[in-house]
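Tertiary structure, described
The primary structure of each chain is shown beneath.
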Amino acid sequence: MSAWHFIKHFPCTNLSRHILRVKPRCFFPSSTRPSSFSTSASLSSSSSSESFAAPYLSVRIHCPKHVVDPFSEALLCFGASSVAVDEDDDDEGEDATSGSSLVSKEICIESIFPVHEEVKMCISQAANSIGLKEIPKFKVEMGDEQDWITKNQESFQPVEIAERLWIVPEWTSPPVAEAVNIILNPGYAFGTGEHPTTKLCLLLLQSLIKGGEAFLDYGTGSGILAIAALKFGAASSAGVDIDPLSIKSATHNAALNNIPLEKLELHLAPSDNREISLRKEQFDVVIANILLNPVMELADHILSFAKPGATIGVSGILSEQLPSVKERYSPFLEDISVTTIGDWVCMSGTKKRS
(Lines give C-alpha, C1' and ligand atoms only; values in the text may rest on other atoms or scores of the structure.)
Protein backbone atom coordinates (compact mmCIF):
# COMPACT_ATOMS: atom_id res chain seq x y z
CA MET A 1 0.00 0.00 0.00
CA SER A 2 2.97 2.33 -0.57
CA ALA A 3 3.30 5.04 2.05
CA TRP A 4 -0.16 4.82 3.51
CA HIS A 5 -0.01 2.16 6.21
CA PHE A 6 -1.37 4.49 8.83
CA ILE A 7 -2.05 3.63 12.34
CA LYS A 8 -4.70 4.59 14.75
CA HIS A 9 -7.75 6.11 16.35
CA PHE A 10 -10.84 5.75 14.30
CA PRO A 11 -14.24 4.73 15.67
CA CYS A 12 -15.03 1.87 13.33
CA THR A 13 -16.72 -1.46 13.89
CA ASN A 14 -13.77 -3.68 13.03
CA LEU A 15 -10.45 -1.99 13.59
CA SER A 16 -8.41 -4.88 12.26
CA ARG A 17 -9.85 -4.26 8.78
CA HIS A 18 -8.83 -0.64 8.58
CA ILE A 19 -5.80 1.33 7.56
CA LEU A 20 -5.88 4.30 9.91
CA ARG A 21 -4.29 7.72 9.87
CA VAL A 22 -4.73 10.84 11.89
CA LYS A 23 -4.39 14.54 11.36
CA PRO A 24 -0.92 15.77 10.37
CA ARG A 25 0.84 18.53 12.20
CA CYS A 26 0.01 21.42 9.90
CA PHE A 27 2.59 23.56 11.66
CA PHE A 28 1.94 26.88 9.98
CA PRO A 29 2.75 30.07 11.90
CA SER A 30 -0.83 31.31 11.58
CA SER A 31 -4.03 29.56 12.56
CA THR A 32 -5.56 29.76 9.09
CA ARG A 33 -5.50 26.79 6.76
CA PRO A 34 -3.38 26.91 3.64
CA SER A 35 -5.22 28.42 0.70
CA SER A 36 -3.83 25.74 -1.55
CA PHE A 37 -2.65 22.22 -0.91
CA SER A 38 0.18 20.28 -2.43
CA THR A 39 -0.37 16.53 -2.72
CA SER A 40 3.31 16.15 -1.91
CA ALA A 41 2.66 17.27 1.67
CA SER A 42 3.32 14.47 4.10
CA LEU A 43 2.31 13.25 7.51
CA SER A 44 3.92 13.96 10.84
CA SER A 45 4.17 12.24 14.15
CA SER A 46 2.37 15.00 15.89
CA SER A 47 -1.19 16.20 15.74
CA SER A 48 -3.61 18.53 17.44
CA SER A 49 -5.11 16.40 20.14
CA GLU A 50 -6.85 15.97 23.43
CA SER A 51 -6.48 13.03 25.78
CA PHE A 52 -10.13 13.05 26.73
CA ALA A 53 -13.46 12.39 25.05
CA ALA A 54 -15.07 15.00 22.84
CA PRO A 55 -18.00 15.03 20.41
CA TYR A 56 -17.13 14.44 16.78
CA LEU A 57 -18.69 13.95 13.37
CA SER A 58 -18.32 10.55 11.71
CA VAL A 59 -18.15 10.99 7.93
CA ARG A 60 -18.23 8.16 5.38
CA ILE A 61 -16.89 9.27 1.99
CA HIS A 62 -16.95 7.33 -1.30
CA CYS A 63 -13.70 8.16 -3.05
CA PRO A 64 -12.36 7.16 -6.49
CA LYS A 65 -9.87 4.42 -5.74
CA HIS A 66 -7.05 5.86 -7.85
CA VAL A 67 -6.85 9.02 -5.71
CA VAL A 68 -7.39 7.53 -2.24
CA ASP A 69 -3.88 8.41 -1.05
CA PRO A 70 -3.74 12.10 -1.98
CA PHE A 71 -7.42 12.60 -1.14
CA SER A 72 -6.90 11.13 2.34
CA GLU A 73 -3.97 13.49 2.80
CA ALA A 74 -6.01 16.44 1.60
CA LEU A 75 -8.88 15.64 3.96
CA LEU A 76 -6.46 15.73 6.87
CA CYS A 77 -5.07 19.08 5.83
CA PHE A 78 -8.49 20.65 5.30
CA GLY A 79 -10.12 19.75 8.59
CA ALA A 80 -10.44 15.99 9.18
CA SER A 81 -9.00 14.69 12.44
CA SER A 82 -8.49 11.16 11.11
CA VAL A 83 -9.23 8.94 8.16
CA ALA A 84 -9.59 5.18 7.80
CA VAL A 85 -9.60 3.13 4.60
CA ASP A 86 -11.38 -0.21 4.77
CA GLU A 87 -9.05 -2.85 3.37
CA ASP A 88 -12.04 -4.98 2.36
CA ASP A 89 -12.88 -2.34 -0.22
CA ASP A 90 -9.66 -3.28 -2.00
CA ASP A 91 -10.89 -6.82 -2.60
CA GLU A 92 -11.73 -7.85 -6.10
CA GLY A 93 -15.34 -8.73 -6.81
CA GLU A 94 -16.76 -11.07 -9.41
CA ASP A 95 -19.06 -10.07 -12.20
CA ALA A 96 -22.14 -12.31 -11.82
CA THR A 97 -22.80 -12.37 -15.57
CA SER A 98 -19.33 -13.05 -16.91
CA GLY A 99 -17.55 -14.54 -13.93
CA SER A 100 -14.71 -12.12 -14.57
CA SER A 101 -12.87 -10.45 -11.71
CA LEU A 102 -13.63 -6.77 -11.20
CA VAL A 103 -12.03 -4.10 -9.10
CA SER A 104 -14.36 -1.48 -7.65
CA LYS A 105 -13.74 2.02 -8.94
CA GLU A 106 -14.54 3.49 -5.52
CA ILE A 107 -13.26 2.94 -2.02
CA CYS A 108 -14.81 4.02 1.25
CA ILE A 109 -12.95 6.45 3.47
CA GLU A 110 -14.31 6.80 6.98
CA SER A 111 -13.26 10.01 8.67
CA ILE A 112 -13.91 12.04 11.75
CA PHE A 113 -14.26 15.82 11.91
CA PRO A 114 -14.58 18.17 14.86
CA VAL A 115 -18.22 19.13 15.40
CA HIS A 116 -17.56 22.74 14.42
CA GLU A 117 -16.16 21.92 10.96
CA GLU A 118 -18.09 22.65 7.76
CA VAL A 119 -17.76 19.13 6.43
CA LYS A 120 -19.04 19.80 2.91
CA MET A 121 -16.66 22.70 2.48
CA CYS A 122 -13.70 20.67 3.78
CA ILE A 123 -14.46 17.79 1.42
CA SER A 124 -14.93 20.22 -1.47
CA GLN A 125 -11.59 21.92 -0.76
CA ALA A 126 -9.83 18.58 -0.44
CA ALA A 127 -11.30 17.35 -3.72
CA ASN A 128 -10.43 20.56 -5.52
CA SER A 129 -6.85 20.49 -4.21
CA ILE A 130 -6.12 17.19 -5.94
CA GLY A 131 -8.04 18.01 -9.12
CA LEU A 132 -11.27 16.07 -8.58
CA LYS A 133 -14.01 17.66 -10.69
CA GLU A 134 -16.87 16.42 -8.51
CA ILE A 135 -17.32 16.31 -4.75
CA PRO A 136 -17.39 12.67 -3.60
CA LYS A 137 -20.61 11.43 -2.03
CA PHE A 138 -20.56 11.42 1.76
CA LYS A 139 -22.73 10.77 4.81
CA VAL A 140 -22.40 12.50 8.19
CA GLU A 141 -23.37 11.10 11.60
CA MET A 142 -22.73 12.27 15.14
CA GLY A 143 -20.15 10.15 16.94
CA ASP A 144 -20.59 8.94 20.51
CA GLU A 145 -17.99 10.21 22.97
CA GLN A 146 -17.65 6.98 24.92
CA ASP A 147 -17.50 4.97 21.71
CA TRP A 148 -14.47 7.03 20.71
CA ILE A 149 -12.66 6.20 23.94
CA THR A 150 -13.43 2.48 23.63
CA LYS A 151 -12.33 2.22 20.00
CA ASN A 152 -9.29 4.36 20.72
CA GLN A 153 -8.16 1.92 23.38
CA GLU A 154 -8.87 -1.10 21.18
CA SER A 155 -6.78 0.29 18.34
CA PHE A 156 -3.69 1.32 20.31
CA GLN A 157 -1.69 -1.58 21.72
CA PRO A 158 1.94 -1.69 22.96
CA VAL A 159 4.44 -1.01 20.18
CA GLU A 160 8.02 -2.29 20.19
CA ILE A 161 10.19 0.36 18.53
CA ALA A 162 13.50 -1.40 19.11
CA GLU A 163 14.91 -3.93 21.54
CA ARG A 164 14.10 -2.71 25.05
CA LEU A 165 12.16 0.31 23.76
CA TRP A 166 8.37 0.21 23.95
CA ILE A 167 5.48 2.64 23.57
CA VAL A 168 2.77 1.51 25.98
CA PRO A 169 -0.81 2.84 26.22
CA GLU A 170 -1.89 3.96 29.67
CA TRP A 171 -4.54 1.27 29.94
CA THR A 172 -2.17 -1.70 29.46
CA SER A 173 0.88 -3.08 31.29
CA PRO A 174 4.38 -2.92 29.75
CA PRO A 175 5.19 -6.23 28.01
CA VAL A 176 8.83 -5.90 29.18
CA ALA A 177 8.97 -4.23 32.56
CA GLU A 178 12.72 -3.61 32.48
CA ALA A 179 12.65 -1.93 29.04
CA VAL A 180 12.46 1.80 28.37
CA ASN A 181 8.67 2.14 28.42
CA ILE A 182 7.05 5.38 27.26
CA ILE A 183 3.51 5.50 28.61
CA LEU A 184 0.98 7.36 26.47
CA ASN A 185 -2.66 8.28 26.36
CA PRO A 186 -2.72 10.07 23.02
CA GLY A 187 -6.46 10.54 22.63
CA TYR A 188 -6.79 12.00 19.13
CA ALA A 189 -3.03 12.67 19.05
CA PHE A 190 -0.69 11.46 16.38
CA GLY A 191 2.44 9.97 17.87
CA THR A 192 1.85 6.49 19.26
CA GLY A 193 5.10 5.24 17.78
CA GLU A 194 3.56 3.03 15.11
CA HIS A 195 3.91 5.42 12.20
CA PRO A 196 7.23 5.10 10.33
CA THR A 197 8.20 8.75 10.85
CA THR A 198 7.72 8.45 14.61
CA LYS A 199 9.79 5.28 14.67
CA LEU A 200 12.53 6.92 12.62
CA CYS A 201 12.66 9.92 14.95
CA LEU A 202 12.68 7.73 18.07
CA LEU A 203 15.55 5.63 16.71
CA LEU A 204 17.48 8.76 15.73
CA LEU A 205 16.90 10.26 19.16
CA GLN A 206 17.98 7.07 20.91
CA SER A 207 21.26 7.12 18.97
CA LEU A 208 21.94 10.80 19.71
CA ILE A 209 21.20 11.10 23.42
CA LYS A 210 24.29 10.14 25.40
CA GLY A 211 23.38 11.97 28.61
CA GLY A 212 22.98 15.61 29.63
CA GLU A 213 21.67 17.07 26.34
CA ALA A 214 19.01 19.74 25.88
CA PHE A 215 16.36 18.56 23.39
CA LEU A 216 13.65 20.37 21.40
CA ASP A 217 10.63 18.60 19.87
CA TYR A 218 9.27 21.04 17.27
CA GLY A 219 5.61 20.02 16.86
CA THR A 220 5.25 17.91 19.98
CA GLY A 221 1.65 16.61 19.77
CA SER A 222 1.39 13.73 22.25
CA GLY A 223 4.83 14.63 23.62
CA ILE A 224 6.29 11.27 22.65
CA LEU A 225 9.70 12.53 21.49
CA ALA A 226 10.12 15.06 24.30
CA ILE A 227 9.35 12.37 26.87
CA ALA A 228 11.55 9.79 25.13
CA ALA A 229 14.54 12.15 25.16
CA LEU A 230 14.38 12.43 28.95
CA LYS A 231 14.04 8.68 29.34
CA PHE A 232 17.12 8.24 27.15
CA GLY A 233 19.10 10.54 29.46
CA ALA A 234 18.67 14.11 28.23
CA ALA A 235 19.06 16.75 30.94
CA SER A 236 16.10 18.77 29.70
CA SER A 237 13.45 18.65 27.03
CA ALA A 238 11.11 21.16 25.43
CA GLY A 239 8.08 20.72 23.21
CA VAL A 240 6.45 23.30 20.95
CA ASP A 241 3.02 23.06 19.36
CA ILE A 242 0.44 25.32 17.77
CA ASP A 243 -2.55 23.66 19.44
CA PRO A 244 -3.38 24.09 23.16
CA LEU A 245 -4.95 20.63 23.21
CA SER A 246 -1.64 19.12 22.17
CA ILE A 247 0.04 20.90 25.06
CA LYS A 248 -2.62 19.45 27.36
CA SER A 249 -2.06 15.98 25.93
CA ALA A 250 1.72 16.21 26.29
CA THR A 251 1.37 17.49 29.86
CA HIS A 252 -0.87 14.53 30.72
CA ASN A 253 1.59 12.07 29.16
CA ALA A 254 4.52 13.63 31.01
CA ALA A 255 2.68 12.98 34.28
CA LEU A 256 2.06 9.35 33.26
CA ASN A 257 5.82 8.94 32.88
CA ASN A 258 6.65 10.71 36.16
CA ILE A 259 8.45 13.48 34.29
CA PRO A 260 8.99 16.51 36.55
CA LEU A 261 7.78 19.79 35.08
CA GLU A 262 11.14 21.44 35.59
CA LYS A 263 12.67 18.96 33.09
CA LEU A 264 10.02 19.28 30.40
CA GLU A 265 8.97 22.71 29.10
CA LEU A 266 5.90 22.84 26.87
CA HIS A 267 5.33 25.96 24.79
CA LEU A 268 2.28 27.00 22.81
CA ALA A 269 3.45 28.59 19.58
CA PRO A 270 1.70 31.95 19.00
CA SER A 271 -0.69 32.06 16.04
CA ASP A 272 0.18 35.66 15.14
CA ASN A 273 3.82 35.16 14.08
CA ARG A 274 5.20 36.29 17.45
CA GLU A 275 8.32 34.54 18.67
CA ILE A 276 8.18 31.37 20.75
CA SER A 277 9.55 31.97 24.25
CA LEU A 278 12.67 29.89 23.73
CA ARG A 279 16.26 31.10 23.48
CA LYS A 280 18.07 30.88 20.18
CA GLU A 281 20.92 28.36 19.95
CA GLN A 282 19.70 26.67 23.13
CA PHE A 283 19.47 23.00 22.15
CA ASP A 284 21.90 20.17 21.44
CA VAL A 285 19.32 18.16 19.49
CA VAL A 286 16.31 19.48 17.56
CA ILE A 287 13.79 17.25 15.79
CA ALA A 288 10.88 18.50 13.68
CA ASN A 289 8.53 15.75 12.55
CA ILE A 290 5.93 17.83 10.74
CA LEU A 291 4.55 18.45 7.26
CA LEU A 292 6.72 18.98 4.22
CA ASN A 293 5.60 22.57 3.60
CA PRO A 294 6.38 23.88 7.10
CA VAL A 295 9.58 21.83 7.18
CA MET A 296 10.62 23.86 4.15
CA GLU A 297 9.09 27.23 5.07
CA LEU A 298 10.19 27.23 8.72
CA ALA A 299 13.69 25.86 8.18
CA ASP A 300 15.41 29.03 9.42
CA HIS A 301 13.17 29.09 12.48
CA ILE A 302 13.79 25.42 13.31
CA LEU A 303 17.54 25.77 12.82
CA SER A 304 17.72 28.92 14.97
CA PHE A 305 17.05 26.99 18.17
CA ALA A 306 20.00 24.62 17.66
CA LYS A 307 23.48 25.33 18.95
CA PRO A 308 26.32 25.34 16.41
CA GLY A 309 27.39 21.71 16.17
CA ALA A 310 23.96 20.47 17.29
CA THR A 311 22.10 17.71 15.44
CA ILE A 312 18.96 18.61 13.50
CA GLY A 313 16.48 15.94 12.43
CA VAL A 314 13.53 16.51 10.11
CA SER A 315 10.90 13.95 9.16
CA GLY A 316 7.30 13.63 8.06
CA ILE A 317 8.56 13.49 4.49
CA LEU A 318 8.43 10.93 1.72
CA SER A 319 11.45 9.64 -0.18
CA GLU A 320 10.37 11.50 -3.32
CA GLN A 321 10.40 14.75 -1.33
CA LEU A 322 13.90 14.23 0.07
CA PRO A 323 15.85 16.05 -2.69
CA SER A 324 14.01 19.33 -2.09
CA VAL A 325 14.37 19.04 1.69
CA LYS A 326 18.08 18.26 1.37
CA GLU A 327 18.56 21.24 -0.94
CA ARG A 328 16.80 23.51 1.57
CA TYR A 329 18.83 22.38 4.58
CA SER A 330 22.24 21.59 3.09
CA PRO A 331 23.52 25.20 3.30
CA PHE A 332 23.14 24.96 7.08
CA LEU A 333 23.95 21.31 7.78
CA GLU A 334 26.93 19.05 7.27
CA ASP A 335 27.36 15.28 7.55
CA ILE A 336 23.80 14.78 6.36
CA SER A 337 22.45 11.25 6.71
CA VAL A 338 19.14 9.65 5.79
CA THR A 339 17.20 6.73 7.25
CA THR A 340 14.07 5.22 5.76
CA ILE A 341 11.19 2.92 6.59
CA GLY A 342 9.22 2.07 3.49
CA ASP A 343 8.49 5.31 1.66
CA TRP A 344 9.13 7.50 4.71
CA VAL A 345 12.35 9.40 5.40
CA CYS A 346 14.17 11.02 8.31
CA MET A 347 17.03 13.34 7.40
CA SER A 348 19.56 14.53 9.97
CA GLY A 349 22.76 16.55 10.01
CA THR A 350 25.06 18.70 12.13
CA LYS A 351 24.49 22.44 12.22
CA LYS A 352 27.46 24.23 10.73
CA ARG A 353 29.54 26.32 13.11
CA SER A 354 30.02 29.23 10.75
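These notes cover the structure that comes with them. All figures in this text were calculated on a predicted structure; none of them were measured in a lab.

1. Quick look at the overall build of the protein chain
Along its length, the protein chain carries nine helices and 17 strands. Here the protein chain has roughly 14900 Å² of accessible surface; of this, 50% comes from carbon and sulfur atoms.

2. So, the side chain of Q282
Mapping Q282 onto the fold places it in the loop between strand 13 (264-268) and strand 14 (283-289). Judged by its relative accessible area of 14%, Q282 is buried. Side-chain polar atoms of Q282 contact the backbone nitrogen of R279, separated by 2.9 Å. Setting aside anything within four residues of it in sequence, one finds Q282 in contact with A214, E265, F305 and K307.

3. Describing the sheet that holds strand 11 (residues 214-218)
Strand order in the open sheet made by the seven strands is 13-12-11-14-15-17-16, with mixed pairing throughout. In this open sheet, the two edge strands, each paired with only one partner strand, are strand 13 and strand 16 (333-341). The average angle at which neighbouring strand axes cross in this sheet is 15 degrees, direction not considered.

4. Thoughts on the environment of E106
With respect to the secondary-structure elements, E106 resides in strand 6 (residues 106-114). We classify E106 as partly exposed; its relative accessible area is 41%. Sequence spacing of E106 and V67 is 39 residues, and the spatial spacing of their C-alpha atoms is 9.5 Å. The residues contacting E106, other than those within four sequence positions of it, are H62, C63, P64 and K65.

5. Some words on the nonpolar core
Of all hydrophobic cores here, the largest spans 32 residues; its most connected members are I167, I182, L202, L205, L225 and I287. The leading source of residues in this core is helix 5 (residues 224-232), at eight residues. Apart from the residues lying within four places of it in its own chain, the contact partners of I182 are L165, W166, I167, V168, L202, I227, A228, K231 and N257. Residues A269, I276, V286 and Y329 belong to the second largest nonpolar core, which totals 30 residues.

6. A closer look at the pairing of strand 12 (residues 236-241)
The buried fraction of strand 12 is high, at five of six residues. Bridge count for strand 11 against strand 12 is five bridges, and the pairing is parallel. By the bridge assignment for strand 12, F215 is matched with S237. Between the parallel elements strand 11 and strand 12, the chain passes through helix 5 in a crossover that is right-handed. Here strand 12 pairs with strand 13 via five bridges, running parallel. Bridge pairing in strand 13 links D241 to L268.

7. Here's the deal with the environment of E118
In this structure, E118 sits in the loop between strand 6 and helix 2 (119-129). Given a relative accessible area of 55%, E118 falls into the exposed group. Between the C-alpha atom of E118 and that of G79, which follows or precedes it by 39 residues, the distance is 8.5 Å.

8. As for helix 9 (residues 322-329)
Among the residues of helix 9, L322, V325 and Y329 are the ones counted as buried. Considered in projection along helix 9, the buried side chains sweep an arc of 65 degrees and stay on one side of the axis. Along helix 9, the residues that are exposed and aim more than 90 degrees away from the buried face are P323 and E327. Contacts from the buried residues of helix 9 go to helix 7 (292-297), helix 8 (299-304), strand 15 (306-318), strand 16 and strand 17 (344-351).

9. Some details on the packing of helix 4 (residues 196-208) against helix 5
Two elements in contact, helix 4 and helix 5, have axes separated by 10 Å at closest approach and are oriented at 25 degrees. Classified by the interaxial angle, the pair formed by helix 4 and helix 5 is roughly parallel. You can see that helix 4 and helix 5 cross each other, and the crossing is right-handed. Every residue of helix 5 that contacts helix 4 at T198, C201, L202, L205 and Q206 is listed here: I224, L225, A228, A229 and F232. Of the residues in the contact of helix 4 with helix 5, the class split is eight nonpolar, two polar and no charged.

What counts, and at which threshold
- Residues numbered from 1 in each chain as written.
- Predicted model: local features only at pLDDT ≥ 70, side-chain atom pairs only at ≥ 80, totals over all residues.
- Heavy atoms only, no water.
- Helix = DSSP H or I, 4+ residues; strand = E, 2+ residues; numbered from the N terminus.
- Areas by Shrake-Rupley, 256 points an atom, 1.4 Å probe, with all protein chains shown as cover.
- Buried < 20%, exposed > 50% of the residue type's maximum accessible area, 1.4 Å probe, protein only.
- Polar contact = N/O pair within 3.5 Å; in protein donor to acceptor, adjacent residues only side chain to side chain.
- Contact = heavy atoms within 4.5 Å.
- Pairing = 2+ DSSP bridges.
- Axes fitted to C-alpha atoms, helices over the stretch in contact; angles between N-to-C directions.
- Core = buried A, V, L, I, M, F, W, Y, C linked by side-chain atoms within 4.5 Å.
- Right-handed = clockwise from strand over helix to strand, strands pointing away.
- Arc of directions from axis to C-beta.
- Parallel < 35°, antiparallel > 145°, perpendicular 65-115°, else oblique.
- Left-handed = near helix turned anticlockwise from the far one by under 90°.
- Nonpolar A, V, L, I, M, F, W, Y, C, P; charged D, E, K, R; others polar.

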